[in-house]
Amino acid sequence: MALYELTIDSKVHTVDTEPNKPLLWVLREDLNQTQARFGCGAGLCGACTVYVDNNLVRACASAVATAAGKKITTIHGLNDELAQKLKAAWLKYDVPQCGYCQPGFVLGAHKLLKKTLPGQTPNWNEVTNLCRCGTYDRIRQAVLDVHSQTATGS
Ligand code: FES
Ligand code: FES
């Protein structure tokens, strides 16, 4: 066991756990941060996606020790201007069905649009998350809407 200090959505938490315990289990079981979802548990679906510093991480497949001392951002703490536009677009296009996968998708879309220059088309291949409800078309509509706002500066 070892003590780790984790900064989650700007709040510092201390946890005593095994270094190899998946970050997702620490978030959900030890710290009750259930906004990162458990889907496949195998690094495949993206439901557990969080930012660790500026990198998207699948928390089910990432040891807690790798996030110690870094800034973890979940859907709750993702509130910059781009995130606010994405969250508004999610509502505008009524994107979620059951909603379970959606935090991971918003984080994936956020990273994608940060990398996509005005005039470029977002490269959907970079968002490899899975949605069992099949909301992909609405996700793309919402993301393209936000991207067009960025392109026009609105
Ligand atoms: S729960 Fe982590 S990728 Fe599916
Ligand atoms: S909205 Fe249900 S799994 Fe994606």
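Please refer to the structure placed before this passage.
Values in this document were obtained by computation on a predicted structure and should not be read as measured data. (Residues numbered from 1 in each chain as written. Chains lettered and ligands numbered in written order. Predicted model: local features only at pLDDT ≥ 70, side-chain atom pairs only at ≥ 80, totals over all residues. Heavy atoms only, no water.)

S.K.: Which parts of the structure should I look at to understand the layout of surface pockets?
M.R.: In this approach, a probe sized like a water molecule rolls over the atoms, and the result shows the empty space that is left. Size it by volume and the largest pocket reaches roughly 230 Å³. Considering the residues around the largest pocket, the lining is formed by Phe38, Gly39, Cys40, Cys45, Ala47, Cys98, Tyr100, Cys101, Leu130, Cys131, Arg132 and Cys133. Both domain 1 (2–73) and domain 2 (81–152) contribute no fewer than three residues apiece to the lining of the largest pocket. One number sums up the size of the second largest pocket: a volume of about 190 Å³. Lining the second largest pocket are 14 residues, with Tyr51, Asp53, Lys71, Thr73 and Leu78 positioned closest to its centre. In terms of residues, the lining of the second largest pocket owes the most to one element, strand β5 (residues 71–73), which gives 3 residues. Looking at the lining of the second largest pocket residue by residue, the class counts come to 3 nonpolar, 6 polar and 5 charged. (1 Å grid on protein atoms, 1.4 Å probe; cavity = no way out; pocket = protein on both sides within 12 Å on 5 of 7 lines; lining within 4 Å. Points joined across faces, edges and corners; volume = space filled by probe spheres on them. Domains from an automatic or database assignment. Helix = DSSP H or I, 4+ residues; strand = E, 2+ residues; numbered from the N terminus. Nonpolar A, V, L, I, M, F, W, Y, C, P; charged D, E, K, R; others polar.)

That is the geometry; function is a separate question.
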